[in-house]
Amino acid sequence: MMVKLLDTLQLPIVSRRSTFGMDEVLIAVEDWIKTFQVLHANGYSLLTDLCGAHFPESDAQYHVIAHVHNLQINHRIRLKTVARDNSNPQVPSLTGLYSGANWMERETFDFYGIQFIGHPNLTRILNSDDMTAYPMRKDFPLEDDTRDDKKDEAFGR
Amino acid sequence: MTHSDHLVTVNLGPTHPATHGILQNVIQLDGERIVSAVPTIGYIHRAFEKLAEHRPYYQITPITDRLNYCSSPINNIGWELTVEKLLNVQTSQRIDYMRVIIMELARIADHLICNSILGVDSGAFSGFLYLFQHRELIYEIYEEICGTRLTTNIGRIGGFERDFSDIARQKIQKFLDIFPPALKEFESLFNRNRIFMDRTIGVGAISAERALNYGFTGPNLRATGVDYDVRALTPYSSYSDFDFDIPIGESGDTYDRFMVRNEEMWQSLRIIDQALRRLPAGPYHVDVPEFYLPPKSDVYEYMEALIYHFKIVMGEIPVPVGDVYHSVEGANGELGFYLISDGGRTPFRLHFRRPCFVYYQAFPEMVIGSLLSDAVITMSSLNVIAGELDA
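In this text the structure is predicted, and so the values were computed from the model without any measurement.

What follows concerns the sheet that holds strand 3 (residues 33-40) of chain B. As a general point, the strands of a sheet are linked pairwise by backbone hydrogen bonds and lie either parallel or antiparallel. Residue and element names in this part refer to chain B. If you walk across this open sheet you meet the three strands as 1-2-3, and the pairing is antiparallel. Either end of the sheet is taken by a strand with one partner, and the two such strands are strand 1 (8-12) and strand 3. Across the sheet, the mean angle from the axis of one strand to that of its neighbour is 20°, orientation sign disregarded. Sheet topology places strand 2 (residues 24-30) next to strand 3; seven bridges connect them, and they run antiparallel. Its bridge partner being in strand 3, I27 is matched across the sheet by A37.

Here it is, written out as structure tokens:
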């Protein structure tokens, strides 16, 4: 049934899979907005969540992951896209379709430095404004790196 | 004369008694009317998502305590359910029912704070005094079950660390006996109170369409008339076994949010009563020795328990690889956990879908054009919890 639902939407899918009971599709970054327009028009009106992820070992390191929910038929889809340029990752903003995307994208920008093109106010939200790093990137250390008494190896990490 | 000449800027927060947490609103006033409101958040950001990438799974439960600290057990159990989904662990009915009892108690504690503080913010202090002592009873139940009160760290991956004691059952029963009259008294003070109704009806209203567009969930969405409840739509932890109604409002204003939360407390009492009466016998934790820490006495006596204890603590047990999203109906809405596992001892990525964070961004839209004092009760009725807002 789930596969059929996705087929009827005719999304511009690059690849898809189903993990732990949820449909997951990979969308090219150019088709990101178009995909959500189709979803929004088909009842997927609740943008549950949007966040980023950093995969330092893959070619394109910055991913954006969104969850949408159709409340009428209770169907969720997870959508992923990959930003092309690692030095300046860019993904189109969903704020035109979902007002709720505003802070979610600001949070993603704040922690991963992913630029959301078309966002009305892409500024830091949880970290202080004068911060220069993007702290959720994998190369950003958890501990203050000027200290050597708290090296990760000492804790078995 | 330009419009901005006579505007007054007011800082509501970060440490203002009306914000009930460390968050700031820079509000511009034209006389008494709000022209713009800019929320500034992040004052208690504690980098939980970063921290979680460096903690083994069982050590993340205490981190989740600090999200919505008014209903920590829901966060704890939500996280445990997420990991159980990743590990494909099926819990017994007894565990599910115990969890349901605790989660519904937490929901009552949360709604009770929200509604009684809404009274305080609108100038009616007495309701707060009547209800607040009953939160103490809930905290005593937590204390009996897990040893702590506010940041509970309740349960474990795979169940509970100990069974409900007789005292715990007595305390829950006592709460079920004592709380309904108090709630009734509270309702009789507020529900048809002319002053309270004038103060809240039509204040901070949002339409169902806008609320959905903003990603509202939970009581705030239901107050607008959308009957979305994770417990009913995607039942987890045997919620489908229980009989309960989903109260909805109509206009999405402060009064409707208040009424929805009040009714949800009654429904939670119904669920707890059913779960307690039908609490099945059985084990209070699942037999997954690879993930459930053995009792300490066993670790000292049995080789196998010692090995598992060591392996769990040192993170030597592989977990499945994949992406998991699991959500529970938190006190404020859909509390989601998005977990990317790479098979290691810590999550590769863990994102908390915090309902507060998502719906608080609608605050400016809800208060622009209203009075400053309306902004205070709107914020109060949204139940913005700084811990959940900032993660």
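For a regular strand, side-chain orientation follows a simple rule: the groups alternate between the two sheet faces. By the bridge criterion, six bridges tie strand 1 (residues 13-19) of chain A to strand 2 (residues 22-27) of chain A in an arrangement that is antiparallel. Bridge pairing links T19 of chain A to M22 of chain A in strand 2 of chain A.

Here we take up the nonpolar core. Residue and element names in this part refer to chain B. Core analysis: the largest hydrophobic core is formed by 146 residues, its most contacted members being I101, I102, L105 and L389. At 16 residues, helix 4 (residues 93-121) tops the list of elements feeding residues into this core. Among all residues touching L389, those that are not within four sequence positions of it are L23, I41, R354, C356, F357, Y360 and V384.

The subject of this paragraph is the domain arrangement of chain B. Where interface size is given, it is often the accessible area lost as the parts come together that is meant. Residue and element names in this part refer to chain B. Per the domain assignment, the segments of chain B are domain 1 (3-40) and domain 2 (48-390). One C-alpha centre belongs to domain 1, the other to domain 2, and the line joining them spans 30 Å. Taken together, the elements giving at least two residues each to the side of domain 1 that touches domain 2 come down to strand 2 and strand 3. The leading source of residues in the side of domain 1 that touches domain 2 is strand 3, at seven residues. Grouping the constituent residues of the side of domain 1 that touches domain 2 by class yields eleven nonpolar, four polar and two charged.

Residue and element names in this part refer to chain A. Across the sheet, five strands lie side by side as 1-2-5-4-3; this open sheet has mixed pairing. Whereas interior strands pair on both sides, the edge strands pair on one side only; in this sheet they are strand 1 and strand 3 (46-54). Direction aside, neighbouring strands of the sheet carry axes that sit 20° apart on average. Taken together, the five bridges between strand 2 and strand 5 (residues 75-82) define a ladder with parallel strand orientation. What sits directly across from E24, in strand 5, is R78. Along the sheet, helix 3 (residues 101-112) contacts strand 3 and strand 4 (62-70); its crossing angle with strand 3, the most-contacted strand, is approximately 5°.

The next point concerns helix 13 (residues 303-314) of chain B. Counted at 1.5 Å a residue, the expected span for helix 13 of chain B with its twelve residues is 16 Å, and the 16 Å between its end C-alpha atoms agrees. Looking one or two residues past helix 13 of chain B, G315 of chain B carries a phi angle of roughly 70°, positive in sign.

Let us now look at the packing of helix 5 (residues 126-146) of chain B against helix 6 (residues 166-190) of chain B. Residues and elements named next belong to chain B. Here helix 5 crosses helix 6 at 165°, and the two axes come no closer than 10 Å. Considering the angle they form, helix 5 stands roughly antiparallel to helix 6. Regarding helix 5 and helix 6, the two cross each other, and that crossing is left-handed. Its residues assigned to classes, the contact of helix 5 with helix 6 shows 16 nonpolar, three polar and five charged.

Structurally, K50 of chain B is set in helix 1 (residues 48-52). Spatially, the C-alpha atom of K50 of chain B lies 26 Å from that of M103 of chain B, the residues being 53 residues apart in sequence. Apart from the residues within four sequence positions on either side, K50 of chain B is in contact with P135, M136 and L142 of chain A.

Moving on, we come to the confidence of the model for chain B. The pLDDT averaged across chain B works out to 92; a share of 99% of its residues lies at or above 70. ipTM for the predicted complex: 0.91, alongside a pTM of 0.93.

The next point concerns the interface of chain A and chain B. With 28 residues of chain A at the interface, the matching set in chain B holds 31 residues. Where the side of chain A that touches chain B is concerned, the elements lending two or more residues are strand 2, strand 3 and helix 3 of chain A. Looking at the side of chain A that touches chain B, the element that brings in the most residues is strand 3 of chain A, giving six residues. For the side of chain A that touches chain B, the per-class residue count stands at 14 nonpolar, ten polar and four charged.

Bringing the pairing of strand 4 of chain A into the picture now. Residue and element names in this part refer to chain A. Within strand 4, eight of the nine residues are buried, leaving the element largely enclosed by the surrounding structure. By the bridge criterion, eight bridges tie strand 3 to strand 4 in an arrangement that is antiparallel. Bridge pairing in strand 4 places H54 opposite Y62. As judged from the eight bridges shared by strand 4 and strand 5, these two strands associate in the antiparallel manner. Within the sheet, the bridge partner assigned to V68 lies in strand 5 and is I77. Joining the antiparallel neighbours strand 4 and strand 5 is a turn of four residues, in which N74 adopts a positive phi near 50°.

Now for the environment of I74 of chain B. With respect to the secondary-structure elements, I74 of chain B resides in helix 3 (residues 72-87). In this structure the C-alpha to C-alpha distance between I74 of chain B and N332 of chain B, which are 258 residues apart in sequence, comes to 11 Å.

Take the packing of helix 4 of chain B against helix 16 (residues 372-382) of chain B next. Residue and element names in this part refer to chain B. Interhelical geometry of helix 4 versus helix 16 gives an angle of 170° and a closest axis separation of 8 Å. One finds that helix 4 runs roughly antiparallel with respect to helix 16. Residues I117, L118 and D121 of helix 4 form the contact with helix 16, whose participating residues are V376, I377, S380 and S381. Here the residues of the contact of helix 4 with helix 16 sort into four nonpolar, two polar and one charged.

Residue and element names in this part refer to chain B. Although it is not a glycine, S237 sits at a positive phi angle of roughly 50°. Mapped onto the fold, S237 is located in the loop between helix 10 (230-233) and helix 11 (254-277). Although it is not a glycine, A391 adopts a positive phi angle of roughly 55°. Relative to the elements of secondary structure, A391 occurs in the segment after helix 17 (386-390).

What counts as what
Residues numbered from 1 in each chain as written. Chains lettered and ligands numbered in written order. Predicted model: local features only at pLDDT ≥ 70, side-chain atom pairs only at ≥ 80, totals over all residues. Pairing = 2+ DSSP bridges. Helix = DSSP H or I, 4+ residues; strand = E, 2+ residues; numbered from the N terminus. Axes fitted to C-alpha atoms, helices over the stretch in contact; angles between N-to-C directions. Core = buried A, V, L, I, M, F, W, Y, C linked by C-beta atoms within 7 Å. Buried ≥ 20, exposed ≤ 12 C-beta atoms within 10 Å, placed from the backbone. Contact = placed C-beta atoms within 7 Å. Domains from an automatic or database assignment. Nonpolar A, V, L, I, M, F, W, Y, C, P; charged D, E, K, R; others polar. Expected span 1.5 Å × (residues − 1). Parallel < 35°, antiparallel > 145°, perpendicular 65-115°, else oblique. Left-handed = near helix turned anticlockwise from the far one by under 90°. pLDDT = per-residue confidence, 0-100.

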